[in-house]
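The chain contents come next:
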Amino acid sequence: MNLLALNNSSYEKIIPQKNIDSKLFYFGNTLKNTKGISINTALTYNTTTGYGFDMNSASNATINSNTFSTVKPTYFSVKIPEGNYQIEVVMGSSEKQTNVTIKAESRRLMLNQLSIQKGKTITKIFNVNIRTPKIDDTQNVSLKDREKDILNWDDKLTLEFLGDVAIQSIKITPKDNLTVVYLAGDSTVTDQDVEPWASWGQFITNYFDNSVVVANYAVSGSALSSFKGGNRLKKILSLIKKGDYLFVEFGHNDEKIKGEGNGAWGSYSTLLAEFVQSAKDKGAIPVLVTPTQRRAFNENGTLKETHGDFPAAMRTVAEKNNVALIDITKITTELYETWGDEPSRKAFVQYPANTFPGQVKALEDNTHFNSFGANEIALCVLKGIREIDIPLKKQIQKEVPYYNPKKPNYISNWTLPLSNRFEITKPDGN
């Protein structure tokens, strides 16, 4: 029987699980005949038990008769091996209405502000990819120093609960039959670990159905060459299977690589073709994504073309290799120009001094998105998916509306709760 060890029997009671492949946690101070682990106090995560409230948030959680509740950002972590997991969360309070937002790992949005009436119980299911740097006994992904302590690369699943929350149970089940969408890209794609930075890869997770999981290997500051050199492509290829997807978006940092043989029509095109063929060799479906535009306006309200020949080179590679392409450069041009110069600022990390803890200077970034902007770009990518001939478009949740960049959303209607972890230093790359 696969039971977690305890170092303090007064903290929780373990009831044997019949399904050893799942981990099931019940919260409440009234002992029940459950089939999982009953947590009756707000215990802090430690490596011995392998579960608990994390990130110094245990004091935020109140254990009630059959839930834990919180109104502050609260993290619950469980030590599990690398893999893809289905997470089933049962929510709701008999005493009050609640509103629940859930993020996983490095702020991947899984549930967006679900309102639950008093006395109602709702179950939500979503999928999370858990990974480690290890490829095999001799090879690892080369992590940057800033990545080594982030939630994406540790040895546990971390769920972040925000809003006015009441959680009854959490069930974690390994799932081997999911369609995996692997993301290769730079800072505009990666799971940004801390506020106020964000990217589309950590918001698109909220829009697929329960047959899909997103595995985001993008990293800030990367070009095609450094992504490959850091063994990230090798790691993806060690896992990717027939029917999975490899989305590839690069350009922002590739533009800075000078010298003979480089440039849009040189190493950039060659490496794109290599990424494409590597995915095809595994039976996976490659999708090329042209780079998101920078926020740089001409005086007449049109957008400057800051990417040179790189979008055109990617379009050419897609055509030559008969590969699906999403022209995010074109879509985001339409988006920013529809917003206009001033409103478009609200989609980027542009904030006056002292908006965030420790921020003594204004933030003026025209490349990196905040959460609102990242979500808009994710909607742009979904628009692209729906317009190309790949089965993945049928795995977008049916209730997700079609997105029109000429009729975008505005930040005045954006209410997603902020995580409570901040960093003022901008991500690598531009």
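What you are looking at is a predicted structure, and each value in this text was computed from that prediction instead of being measured.

Novice: For the UniProt feature "domain: SGNH hydrolase-type esterase" (unreviewed entry) in the protein, give the residues involved together with the corresponding values.
Specialist: Sequence positions flagged by UniProt for "domain: SGNH hydrolase-type esterase" (unreviewed entry) are, in local numbering, residues 185-337. Within the segment residues 185-337, helix and strand shares are 35% and 12% respectively, and the terminal C-alpha atoms sit 24 Å apart.

Novice: Lay out unusual backbone geometry in plain terms, naming residues and giving numbers.
Specialist: With an omega dihedral of 0 degrees, the bond running from Glu-195 to Pro-196 counts as a cis peptide bond. Assignment of secondary structure puts Pro-196 in the loop between β13 (179-185) and β14 (212-216). Backbone geometry places Gln-113, a non-glycine residue, at a positive phi of 55 degrees. Tracing the backbone shows Gln-113 in strand β10 (residues 108-116). With phi around 70 degrees, Asn-354 is a residue other than glycine that occupies positive phi space. Structurally, Asn-354 is set in the loop between β18 (348-351) and β19 (363-369).

Novice: Report on helix α4 (residues 310-320), specifying residues and quantitative values.
Specialist: Buried within α4 are the following residues: Phe-310, Pro-311, Ala-313, Met-314, Val-317 and Ala-318. The buried residues of α4 all sit within an arc of 160 degrees when viewed along its axis, so they share a single face. Exposed and oriented more than 90 degrees from the buried face of α4 are Glu-319 and Lys-320. On its buried side, α4 packs onto β15 (245-249), α3 (264-281), β16 (285-289), β17 (324-326) and α5 (328-339). Trailing α4 by a residue or two, Asn-322 shows a phi angle of about 55 degrees, which is positive.

Novice: Account for empty space enclosed by the protein, with residues named and values stated.
Specialist: This structure, assessed with the given rule, holds three cavities of 30 Å³ or more. Space inside the second largest cavity adds up to approximately 50 Å³. Counting only elements with at least two residues in the lining of the second largest cavity, the list comes to α1 (224-229) and α3. Here the lining of the second largest cavity takes three residues from α3, the largest share from any one element.

Conventions adopted
- The residue count restarts for each chain, going from 1 along the sequence in the order it is written.
- Two thresholds apply to this predicted model, a pLDDT of at least 70 for residue-level local features and 80 or more for giving and counting side-chain atom pairs, whereas whole-chain, interface and lining totals are computed over all residues.
- Note that water and hydrogens are dropped before the side-chain values are worked out from all heavy atoms of the structure.
- UniProt positions are given in the numbering used here, feature names are shortened, and annotations may be inferred rather than shown by experiment.
- What counts as a helix is a DSSP run of H or I of at least four residues, what counts as a strand is a run of E of at least two, and both are numbered from the N terminus.
- Classification of residues uses two cut-offs on accessible area relative to the type maximum, computed with a 1.4 Å probe and protein chains only: under 20% is buried, over 50% is exposed, and between them is partly exposed.
- Here, the arc refers to the directions that run from the helix axis to the C-beta atoms.
- Residues count as neighbours in contact if any of their non-hydrogen atoms are within 4.5 Å of one another.
- Buriedness of a pocket was judged along seven lines, with at least five required to meet protein on both sides within 12 Å; pockets are open sets of points on a 1 Å grid over the protein atoms alone, cavities are sets where a 1.4 Å probe fits but cannot get out, and lining residues have an atom within 4 Å of a point.
- Grid points are joined across faces, edges and corners, and a volume is the space filled by probe spheres set on the points.

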